[in-house]
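Letter by letter, the chains look like this.
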Amino acid sequence: MTQARSYLDHAASAPMLPEAREAWLAASEAVGNPSSLHTSGRLARRLVEEARESVAADLGVRPSEVVFTAGGTEADNLAIKGLAWAGADEGRRRILCSPIEHHAVLDPVEWLGGEGFRVEWLPVDSLGRVDVDALEAALDDDVAVCTVMWANNEVGTVQPVERIAAACAAAGVPYHCDAVQALGQLPMDADLPGVTTLALSGHKVGGPVGVGALIAPRDARITPLLHGGGQERDIRSGTLDAPSIAAFAVAVRRACADQVEVAQRLTLLRDDLIDGVLAAVPGAVLNGDPGRDAPGRLPGNAHLSFPGCEGDALLMLLDAAGVECSTGSACTSGVPEPSHVLLALGVPEPVARGSLRFSLGRTSTPEDVDALLDALPGVVQRASRAGSPRFGSR
Amino acid sequence: MRVIAAMSGGVDSAVAAARAVDAGHDVTGIHLALSRTRQGARGCCSAEDARDARRAADVLGIPFYVWDVSAEFSHAVVDDFVAEYSRGRTPNPCLRCNERIKFSAVLDRALALGFDAVCTGHYARIVAGPHGPELHRARDDAKDQSYVLAVLGAEQVAACLFPLGETLKSEVRADAAARGLAVADKPDSHDICFIPDGDTAGFLRERLGDAPGDIIDAESGETLGRHSGAYAFTVGQRRGLGLTVPDEQGQRRYVVAVEADARQVIVGTDSLLGVRTITADSPVWCGTPPGDPAALAVQVRAHGERVGAVVEHDADAITAHLESPLRGVAPGQALVLYDGTRVVGSGTIRATHARAE
Ligand SMILES: Cc1ncc(COP(=O)(O)O)c(C=O)c1O
């Protein structure tokens, strides 16, 4: 592909940071299983433990609270199933969940719902904010886990995590927070009172795909998902991937060190993008919290609906014009589905089907936004001729 | 040209897309999701075929997307299929899919999105003629699929690309292998795609339920037996009648008519199956309409024989007077008209007559 490409899909996966790649390559040259007792094994172990200390320092937690996983999905599954199973031993059989979680949270929760747990969906408003009063009212000592993400991956809405955590702490209910999208974009204190577990993923912040972490205090009661060598505090088994963990730590370091500066730059760029799209395309609608004064929206997220168009037609035409973005969730065969997040926000299905997410990251430039704004009006015009939400028939 | 290549996940459409790329077109691969089996929360459709199609597009280095036409397909093809059988007719769902989905909904959408043509792996040829592009039979007569394309009007024919029309099937497999396409030795699909187990009668029974009625002798009017649904029978069918009473001459009995309203299946000997006159409605012309009358050849089923006929037509109907009788012609099938290798047009068969009229 020779055409210059504007990558506006950082929330799906961000380019790897050069220093993370270097850390990975350096670690990959060494042999050794971090669990082996010989010198090579000790060297590998040292890399892992240094990475653990680095991540812990960046997030304000103790090293023993960092459990490395094979990505965000595993961290979410471990926390939700692990807390639910352990809670069930004490007679806790309810699960509280927001309806706008990522599938890595939603699907384990729904699965547990079929395994004897009672799932209760927390109400969200039209901007995607969880109703904390309703959450407080639902909290009780029979709740095994409450799960609400820090910031939404589709519409970018930031949740009142501090209040949710405080409410859960007061009720003695374990709280899991998916912070995969928040890391690097929002100020983050993983030691927030009331947050029991926190899920992180490497590839959203310039680390490798397939590595992440669950932040979990030592006294959290979590039943393991993977049984085996018990490498990670006996709640996670599997030979540790030293190169990926080392690279992940480098990416987390940069994400936390640069967060304020990155957030400031991306907020300006994002607002230019949103203003530009709304000016260039009459009828376009911004979804989620506008986030103009308070940090109600992820700095890198712009999510818009184009009524009368189909999202996948827009995406295809933008891709052909060199601009890359996303429509939301698609099943494995690639059939576009209306986003469960937009539907939960009360967006009508035909409008939900005509929506695009543009997500900015560290390498985004004003030229990327310009490329989008150049291409978009013509693309929307074509896509609306092709119709929505279904094709016309002869 | 900017071309949409419909990629089913099979070898033919993959090679067709590859040849469109070779011809210098700007090709985008599309897999049509025709149905969704409800699995899990996110209902996935023929995931295997979509994956094969995507992989072929990767090898060709072309963009690839899935277009969800399941709602249109279920309405225009599957519901129509069931409704036609319930009326005692014999529909051809592939033809209906070409007419209503591939070269209608999909073509319309492609044109609106700025594409110029739709490319498929059908075995048929588009040939430049004096009055514009013409639809012709494929060089590989055994694989020819012009019959199921005869529902395309001139405008649609003008926006089609069939890169396999000059090729033998065996050459297509070799071409796929040479290009490193993993689908090179994937078996062909023969069944109706939405009835993968091939049990059409079972599929219809699930949707139409029990509708018992009599099996009646065409000549004597006598009731010979019972059936549990006339929709399970097609003109020309011999098996599945379950008749115990033998014919006087010991001759085999065939379904000669299905009377859906009366729930009757009419049976008779071979000699009653011969048809000399066919009337069809909803005429479609693939190019300029023929003269009236015109001496043409007609075909009434995919890969069926062609016979000469004198054809008369007006805006609403086609009547074909056959030179020699055709056997087993059922209402609902398409009457396709040929002039040599050129496809002239088609209509949907409404009635047949044993006599030359
Ligand atoms: C909010 C959220 N949670 C979880 C995940 C899953 O993370 P991973 O891709 O590392 O499994 C993602 C990424 O798609 C995400 O955006």
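Please read all numbers here as calculations on a predicted model, not as lab measurements.

Caption draft 1: The site of the ligand, seen in detail. Residues and elements named next belong to chain A. Surveying the vicinity of the ligand reveals 13 residues, the closest of which are G72, T73, D178, S201 and K204. In this structure, an oxygen atom belonging to the ligand sits 2.6 Å away from a side-chain N or O atom of T73. Between D178 and the ligand, the recorded distance is 2.6 Å, taken from a side-chain N or O atom to a nitrogen atom. If the ligand stood free it would expose 390 Å²; the protein chains cover 87% of that surface. The leading source of residues in the shell around the ligand is helix α3 (residues 72–88), at 3 residues. Of the residues that constitute the shell around the ligand, the class distribution is 2 nonpolar, 8 polar and 3 charged.

Caption draft 2: Structural view of the confidence of the model for chain B. Residues and elements named next belong to chain B. Of all residues in chain B, 95% attain a pLDDT of 70 or more, and the chain-wide mean is 91. Low pLDDT, under 50, characterises residues 38–45; the stretch is placed with 21 contacts to residues that sit more than four places away or in other chains. We note a pTM of 0.88 for the whole complex and an ipTM of 0.85 for its interfaces.

Caption draft 3: Molecular detail of the confidence of the model for chain A. When pLDDT is averaged along chain A, the result is 94; 96% of the residues meet or exceed 70. With pLDDT under 50 throughout, residues 389–394 of chain A is counted as low confidence; its partners more than four residues away or in other chains account for 24 contacts.

Caption draft 4: Spatial organisation of the packing of aromatic side chains. Residue and element names in this part refer to chain A. Using the criterion set out here, one finds 8 aromatic pairs over all chains in the structure. Relative to F248, the ring of F68 lies with its centre 6.3 Å away and its plane at 85°, an arrangement referred to as edge-to-face. Remark: F248 occurs in helix α7 (residues 242–257) and F68 occurs in strand β2 (residues 66–69); sequence separation between them is 180 residues. Of the two residues examined, F68 and F248, each falls in the buried class.

Caption draft 5: Spatial organisation of the side chain of T69 of chain A. Residue and element names in this part refer to chain A. The topology assignment puts T69 in strand β2. T69 gets classed as buried once you look at its relative accessible area, which sits at 5%. Of the polar contacts made by the side chain of T69, one reaches the backbone oxygen of G71; its length is 2.8 Å. When sequence neighbours within four positions are dropped, the list of residues in contact with T69 reads E74, A75, G210, V211, G212, A213, L214 and R236.

Caption draft 6: How the structure looks around the pairing of strand β9 (residues 223–227) of chain B. Residues and elements named next belong to chain B. By the bridge criterion, 4 bridges tie strand β8 (residues 213–217) to β9 in an arrangement that is antiparallel. Bridge pairing in β9 places I215 opposite G225. The hairpin turn running from β8 into β9, its antiparallel successor, is 5 residues long, and G221 in that turn takes a positive phi close to 75°.

Caption draft 7: Main features of empty space enclosed by the protein. All names here are of chain A. Tallying each qualifying case throughout the model produces 2 cavities of 30 Å³ or more. What the largest cavity holds in volume is close to 100 Å³. For the largest cavity, the lining is made up of 13 residues, of which T327, P336, E337, P338 and R353 are closest to its centre. In terms of residue class, the lining of the largest cavity is built from 3 nonpolar, 6 polar and 4 charged.

About the criteria used
- Within each chain, residue numbers correspond to sequence positions counted from 1 in written order.
- Ligands are numbered from 1 and chains lettered from A, in the order in which they are written.
- With the structure being a predicted model, the display of local features is reserved for residues of pLDDT at least 70 and the display and counting of side-chain atom pairs for 80 or more, all residues being used for whole-chain, interface and lining totals.
- Hydrogens and water are ignored here; the side-chain numbers use all heavy atoms of the structure.
- For this purpose, a residue is taken to be near a molecule or strand whenever a single non-hydrogen atom of the residue falls within 4 Å of it.
- Residues adjacent in sequence count toward polar contacts only when both atoms are side-chain atoms; beyond that, a polar contact is any pair of N or O atoms within 3.5 Å, and within protein one must be able to donate a hydrogen and the other to accept it.
- In this description, accessible areas are obtained by the Shrake-Rupley approach with a 1.4 Å probe, and a residue is regarded as covered only by the protein chains that are shown.
- Only runs of H or I of at least four residues qualify as helices and only runs of E of at least two qualify as strands under DSSP, and these elements are numbered from the N terminus.
- Amino acids are sorted into nonpolar (Ala, Val, Leu, Ile, Met, Phe, Trp, Tyr, Cys and Pro), charged (Asp, Glu, Lys and Arg) and polar (every other residue, Gly among them).
- Per-residue confidence from the predictor is given as pLDDT, running between 0 and 100.
- We call two residues in contact when some of their heavy atoms are within 4.5 Å.
- Pairing of aromatic side chains here covers Phe, Tyr and the six-membered ring of Trp, requires ring centres within 6.5 Å, and sorts the geometry by plane angle: under 30 degrees stacked, over 60 edge-to-face, intermediate tilted.
- A simple rule labels every residue: compare its accessible area, found with a 1.4 Å probe on the protein chains alone, to the largest value its type can have, and call it buried under 20%, exposed over 50%, or partly exposed in between.
- By this definition, two strands are paired if DSSP reports at least two bridges between them.
- Cavity and pocket criteria rest on a 1 Å grid covering protein atoms alone: a 1.4 Å probe that fits but cannot get out defines a cavity, protein on both sides within 12 Å along at least 5 of 7 lines defines an open pocket, and an atom within 4 Å of a point defines a lining residue.
- Grid points are joined across faces, edges and corners, and a volume is the space filled by probe spheres set on the points.

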